[in-house]
Amino acid sequence: MSPSKPRSRRAPPPPPPVSVPDPIAMTRAVEDFLRAAGLPLDDENLRGTPQRVMDAWCREFLDGYAVTPEEALGGTFTSSSSSRGESRELVVVTDLRFHSMCPHHLLPVAGVAHVAYVPGKGMAGFGRLSALVDVFAHRLILQEDLAREVASALARVLGSPGTACIIEAEQSCLRLRGARQHQAITHAEAYEGELRKDGALRRELWARLGARR
Ligand SMILES: [Zn+2]
């Protein structure tokens, strides 16, 4: 840039794309897909399939775009010890079942998420943690990013000094196609704040995860 040129005022980056499904266009796209695959749309088992596929995608696979982490975590509350800044104890919830769709093949992913945090300014109801996982799982997302998004949303919304999300999943794209590793389980971990360090808190978390079976 030449020194005489005035510094351009850059607009702030646009917000990340949000899925706003168009049900009619989605139904038509599934019809086109089936037709392109050479399948008869008037087959008795395919009649209504485009609508069913659209419905499942809108209601169950992409519905996470319409929910914010703040909404999913709902009204947070304070514990007496965390409000006095004393708590360095972990809250851990293991084996939260989730399903998702991989963005590369649009194939299902099913698994469990283990979520942990050190209470900060707020705490969340246990059921809310499952809703938080679904906010991100019900988007097109890679497993690594799912773990990272959950850990960072927990840190942000709860003001938690340390968070973790560990995902174990069965990826259809690995099990049913490509390498066809039918038994493979994929793992992803993400940590924020105090849990980033491999210290006592992280060891405590893994001891609990190891003891659960
Ligand atoms: Zn895939």
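Look above for the structure.
Description of the structure in this document. Predicted, not measured: the structure shown is a model, and the values here were computed from it.

**Overview of the overall build of the chain**
Okay, so step 1: Tallying secondary structure elements over the chain gives eight helices and four strands in all.
Okay, so step 2: When the helices and strands of the chain are placed in sequence order, the string is α-α-α-α-β-β-α-α-β-α-β-α.
Okay, so step 3: A burial count over the chain gives 28% of its 213 residues as buried.
Okay, so step 4: For the chain, the share of sequence-separated contacts (at least 6 apart) that also reach a separation of at least 24 residues comes to 70%.

**Here we look at the sheet that holds strand E1 (residues 91–101)**
Okay, so step 1: Strand order in this open sheet of four strands is E1-E2-E3-E4, and the pairing throughout is antiparallel. This sheet does not close on itself; its edge strands, each paired only once, are E1 and strand E4 (186–193). Sheet twist, expressed as the average angle between the axes of neighbouring strands with direction ignored, equals 15°.
Okay, so step 2: Packed onto the sheet, helix H5 (residues 126–137) meets E1 and strand E2 (108–118) and runs at close to 30° relative to E1.

**What to know about unusual backbone geometry**
Okay, so step 1: Residues other than glycine seldom take positive phi values, yet aspartate 95 does so here, at roughly 60°.
Okay, so step 2: Following the sequence through the fold, aspartate 95 ends up in strand E1.
Okay, so step 3: Despite not being glycine, leucine 106 has its phi angle at roughly 55°, a positive value.
Okay, so step 4: Counting through the fold element by element, leucine 106 comes out in the loop between E1 and E2.
Okay, so step 5: For leucine 106, a count of 12 C-beta atoms within 10 Å translates into the label exposed.

**Examining the packing of helix H1 (residues 23–36) against helix H2 (residues 49–61)**
Okay, so step 1: Interhelical geometry of H1 versus H2 gives an angle of 130° and a closest axis separation of 8 Å. Taken together, the axes of H1 and H2 lie oblique to each other. Here H1 runs over H2; the crossing is right-handed. Contacts between H1 and H2 involve Pro23, Met26, Thr27, Val30, Glu31 and Leu34 from the first element and Thr49, Pro50, Gln51, Val53, Met54, Trp57 and Cys58 from the second.

Parameters at a glance
Residues numbered from 1 in each chain as written. Predicted model: local features only at pLDDT ≥ 70, side-chain atom pairs only at ≥ 80, totals over all residues. Helix = DSSP H or I, 4+ residues; strand = E, 2+ residues; numbered from the N terminus. Buried ≥ 20, exposed ≤ 12 C-beta atoms within 10 Å, placed from the backbone. Contact = placed C-beta atoms within 7 Å. Pairing = 2+ DSSP bridges. Axes fitted to C-alpha atoms, helices over the stretch in contact; angles between N-to-C directions. Parallel < 35°, antiparallel > 145°, perpendicular 65-115°, else oblique. Left-handed = near helix turned anticlockwise from the far one by under 90°.

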